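Analysis of the macromolecular model
Next come the chains, spelled out residue by residue.
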Amino acid sequence: MIKNYFKIVIRNITRHKTFTFLNISGLAIGIAVASLIMLYVKFEWEYDKSYPNTDSIYRVIQRQPGNIFMGTDYFGVTQEPLGRTLQLEFPEVNNYVTMSSWKDVVINIDRKKNYEEDILYATAPNLFNMFSFEFIQGNPENALSQQNTVILSENDAKKFFGNDNPVGKTITVRENETWTVTGVFKSMPANSQFANYGIITSFETYASTLNNREQTFAWGNNSWCTYVQLKNGINPEFTQTKLPYIIKKYVNSATGSKKVREYYLQSLKDTHLYNKANFALNENGDIKIVLVLIAMAFIIITIASINYMNLSTARASLRAREVGVRKVIGANKIQLITQFVSDSIVYSIVAGIFALILDLLFLPSFNQLVGIKFSSTALFQPSFLIGFLVITLLVGLLSGAYPAFVLSNYQPAQVIKGDNAKGKHSALRRILVVTQFAASIALIACTFIILSQMNYIRNKDMGYNRENIIVLPLKDASVVKQLELMKNDLNRHSSIVEVTASSHLPININSSTHVKISGETGEIDVQSYQMYGDYNFLPTFGISIVDGRNFSKSVATDSANAVLINQSLARSLGLKDAVGKTLNINGDKYNVIGIIKDFNMHSLHQKILPLFIRMHEPWLQYLSIKTKSQDLPATIDYIKSVWNRYAEQRAFDYSFLDSDFNSLYKREERFAEIVSYSSGLAIFIACLGLLGLASFIVEQKRKEIGIRKVLGASVSDVVGTLSKQFLKLVFYANIIAVPAAYYFMTNWLQDFAYRINISWWIFVLSGGMALLIALITVSSQTIKAALSNPVKSIRYE
Amino acid sequence: MLRTNNLVKIYRTEEVETTALDNVSIEINEGEFVSIMGPSGCGKSTLMNILGMLDNPSGGEYHFLGKEVSKFNERQRAQIRKENIGFVFQSFNLIDELTIYENVELPLLYLKVSPSERKRKVQTVLEIMEIMHRRNHFPQQLSGGQQQRVAVARALVANPKLILADEPTGNLDSSHGDEVMKMLTFLNEGGTTVIMVTHSPTYAEYGNRVIHLFDGKVVTENFQESFRV
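To keep things clear, this report deals only with the structure shown in the data block. Model, not experiment: these values are computed from the prediction.

**Description of the overall build of chain B**
On a plain count of helices and strands, chain B comes out with 7 helices and 11 strands. Taken over C-alpha atoms, the radius of gyration comes to 17 Å for chain B, in line with the 17 Å a tight globule of 229 residues would show. Across its three principal axes, chain B shows a C-alpha extent of roughly 50 × 40 × 35 Å. Here chain B, with 229 residues, has 56% of them falling under the buried criterion. Accessible surface for chain B amounts to roughly 10,000 Å². Of this, 46% is attributable to carbon and sulfur atoms. Computing the positive centroid from 24 side-chain charges and the negative centroid from 29, chain B places the two 7 Å apart.

Here it is, written out as structure tokens:
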């Protein structure tokens, strides 16, 4: 029997090519999109959930109310003694890990090969127990018990030493530390926070490199990531309520600070997607992106399934007779439903095959879109294939259920005589088409709004110049020591206009402290961003001075106690005439020598906040070089030659400030790309459906068209009459789409401190666009019908 | 074989109520060949639909093989139908996507007959109907007469006790019509009961009895000496 069903499906597929093509391409795109998104969602969802202890691990984060940095006053870093103390004080704390990392450290192997790697240092056996590291060589209990020992991931061991046994070999860190390899662990999966760390060393080894060990490990230093593992069955709320006691007993008494702070336990399961704290070990995911992608998958799959439902029920009248015959011969309803559902499942399976090909073709673009490197082998892993099959079958089932219900309900006595159930179900069909277009139009409108906000961001005057500026990260102190020589050499080149060294760039100022001034009404204390720069900082970035002067080489004291403040800080301190005033910054006195014009130092999500700039060489991290726009490659070559002269051991890395600036909006760019691709696909699939429906209706109305023409209708009359009913649907869709898009986009824009107003023309444009696309689609069919010879179509029946 | 008692069928639309069958009481015995005649709209097809259990009557009784079936639900009717009744229609009603062989095989599939048995049965009827050579063609590739022979083959492949033929010759020219009538007679001689609706008095006379319907009522029942051409 099943064989019989399949024969019919296959013959239908090959016989009705247009119908088949429209259905299968729509379903294939839908399944392809949904399955890629599934790949991504699975990756993000399972992030850091693969450890056996995941459920009982918590990260300690702290909140300093009001100390808002990058949009939040939560911080992922705590004090080094915290973890140990928690285990000591609270019996329900089973285990703790304190860790931190160095990024881009130069590693030498055999004094020959150079690598730049990230190094993790942590309380050693605890880390391995809590996160269940699998040791291939060495053992977790004592691998790092000696100082200057290190363990490598399987991948890094292979990278450094090839097939040789790495245990007992040494690696040289930052040119002067030699560490012995004592173990190799199985590389963590890509969706683990440890995936990037192929080199792990102990706290003791790290500490031995420090000059100010006491200070680093004190309660006053917040630079450590702390994890605790609670005993089974312990409610984290219970432990959390006791955390203020720790602050009171240890933090406040040790530091004498009265700063208000709160500790929270954040479940490991939430740290990746729901992270709200600054300073995480790794770049975090974003639940919003995950949800938006799921929504897009759902919308696209729905639109594609609606196509199938519409085209199938429209064509149902053609199959009515088959249903009648089958019923007469003895088929019952269940058998017919089975038949038509298996029909749609065959369609979805064929579509699935094409979808898999689409997945393979578009995986690289998708990787770029979501920022994860999935290899094509990921598409052939059982977990993916099972999910893929489930999506495919579900799509088949959902799109087939309604047509099957309609078809199996035909009464044989009626349909057998050729009394086709014409016109029925067309109301539902219209509703479905309106749904499709409403979703597409809303997406188009969202795309326009997002793109115009992005455009606004790119073109808004941020208050500093970012064109033709090349940025070199200074990497470490040895390079900073050579700074003056480098600057001199660079300034010699005719294409180089300005060179400046600074602790931050105007786009990433992320350090803040307290500024105090004694006023008439007592002391004013303002939380302010801070950075360090040199004499050329302001001219390089074209930041203007509204009062006073820039740092000057001719004033010897500038490098020690001069400070530039921005307008916001002057305002916050309540100063009308700030130049010449003395500020107290962390106990030291500074003279305000100039007021600089406010500039946006963060993304436009945030308002401009107070900032001051001081001079202090050891803190400098970036060299920014303003160049003339012509002959850039030669200029870069020159810069590279200078770099190699003074910092040969460090790789030459450079970037352009304007592209760094754009990366501030990476999340928004990603969001914009996702929505615009989705809206493109949505409208495309919806049009496939419209095309099919139009061609079918035109086919059915061939006779009516013939009669109309015989009675004197012109081609444009006929096209008008036929197209009108479709365009009406798109018009209704607009009415639903506009408020929906307006609602979502107003919400989205709330996240920006500086934003566009949503203007009415965006909706006119997107609605008009959808209408135009629909008109073109439908016209291709209606014009063909209107031009045909009426004699043929009248004789047709 | 079957007996109706005051069968009534009323069609309702929003404004009109039409009585298609008005107290029809007939009895048809096993082995009979009954022709039903009457003008358009007299209720012939309605009667056939009810006799074939494609439709339920609005009132009255219908006994089929000793069972009162007028109140049966669709599933029960489908069960009796597929085991006992074969249909032949004016418009053939073959499934375009299936070959001749597959069309004829279809009733056996719904009866869950084993593959080897199916093959044997289908081949036998195709040979009887003399269309074995076209078994792999699709319906549109055949002439009207050939298509109707396929339809007859399909009707009798499951070896039904009753064949209902609704104007089987209506879409055929006279030579093809004759052919189909010969087939039906042949089946009847083999013991199958045949009920046939027709407009043609000539073809009506193939039956051993003619029932005339007018305005939903039985007007006459003529028994006649069956004669064979």
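**Points about the overall build of chain A**
Assigned secondary structure in chain A consists of 27 helices and 23 strands. With respect to the principal axes defined by its C-alpha atoms, chain A has extents near 100 × 60 × 55 Å. Taken over 797 residues, chain A has a buried fraction of 52%. Contacts in chain A between residues far apart in sequence, at least 24 positions, make up 79% of those at least 6 positions apart. For chain A, the exposed area adds up to about 35,300 Å²; of that, 56% sits on carbon and sulfur atoms. Charge-centre separation for chain A: the mean point of 78 positive side chains lies 13 Å from the mean point of 61 negative side chains.

**Some remarks on the packing of aromatic side chains**
Throughout the structure, instances matching the rule amount to 41 aromatic pairs over all chains. Arranged with centres 5.5 Å apart and planes meeting at 90°, the rings of F131(A) and Y227(A) form a pair that is edge-to-face. Taken together, the residues span a long stretch of sequence, with F131(A) in the loop between α4 (124-130) and β6 (135-137) and Y227(A) in strand β11 (residues 222-230) at a distance of 96 residues. Both residues of the pair, F131(A) and Y227(A), belong to the buried class. Ring geometry for F384(A) against F388(A): centres 5.8 Å apart, planes inclined by 40°, an arrangement best described as tilted. A residue pair is termed a helical-turn pair when its members lie 3 or 4 positions apart in one helix, as F384(A) and F388(A) do in helix α13 (residues 382-408) at 4 residues. Grouped by ring-pair contacts, the aromatic residues Y51(A), F128(A), F131(A), F133(A), F135(A), F185(A), F194(A) and Y227(A) constitute a single cluster. A cation over a ring is seen here: R15(A) above F138(B), with NZ or CZ 5.0 Å from the ring centre. Taking the ring centre of W45(A) as reference, the NZ or CZ of K49(A) above it sits at 4.3 Å.

**Here's the deal with helix α1 (residues 2-15) of chain A**
For α1(A), with 14 residues, the first-to-last C-alpha span of 20 Å sits near the 20 Å given by 1.5 Å per residue. Taken together, the buried residues of α1(A) touch α2 (17-45), α11 (287-329) and α12 (333-370) of chain A together with α3 (100-110) of chain B.

**Examining the side chain of E97(B)**
Along the polypeptide, E97(B) turns up in the loop between β7 (85-89) and α3. Here E97(B) sits buried without a salt bridge, and the closest side chain of opposite charge, R15(A), lies 4.3 Å off (N-O distance). Setting aside chain neighbours within four positions, we find E97(B) in contact with I8(A), R11(A), N12(A), R15(A), H16(A), E322(A), E102(B) and F138(B).

**Observations regarding a nonpolar patch on the surface**
All names here are of chain A. Side chains of I349, I353, F354, I357, L361, F362, L389 and L393 sit close together on the surface and give an oily, nonpolar patch of about 770 Å² of accessible area. With 6 residues, α12 is the single largest residue contributor to the nonpolar patch. Examined against the element boundaries, I353 turns out to sit in helix α12. By relative accessible area, I353 is classed as exposed at 54%.

What counts, and at which threshold
- Residues numbered from 1 in each chain as written.
- Chains lettered and ligands numbered in written order.
- Predicted model: local features only at pLDDT ≥ 70, side-chain atom pairs only at ≥ 80, totals over all residues.
- Heavy atoms only, no water.
- Helix = DSSP H or I, 4+ residues; strand = E, 2+ residues; numbered from the N terminus.
- Rg over C-alpha atoms; globule rule 2.2 N^0.38 Å.
- Buried < 20%, exposed > 50% of the residue type's maximum accessible area, 1.4 Å probe, protein only.
- Areas by Shrake-Rupley, 256 points an atom, 1.4 Å probe, with all protein chains shown as cover.
- Lys, Arg positive; Asp, Glu negative; His and termini not counted.
- Charge placed at Lys NZ, Arg CZ, Asp CG, Glu CD.
- Contact = heavy atoms within 4.5 Å.
- Phe/Tyr/Trp six-rings, centres within 6.5 Å; stacked < 30°, edge-to-face > 60°.
- Lys NZ or Arg CZ within 6 Å of the ring centre and 35° of its normal.
- Expected span 1.5 Å × (residues − 1).
- Salt bridge = Lys/Arg side-chain N within 4 Å of Asp/Glu carboxyl O.
- Patch = residues over 30% accessible without salt bridge, like charges linked within 9 Å, V, L, I, M, F, W, Y side chains within 5 Å.

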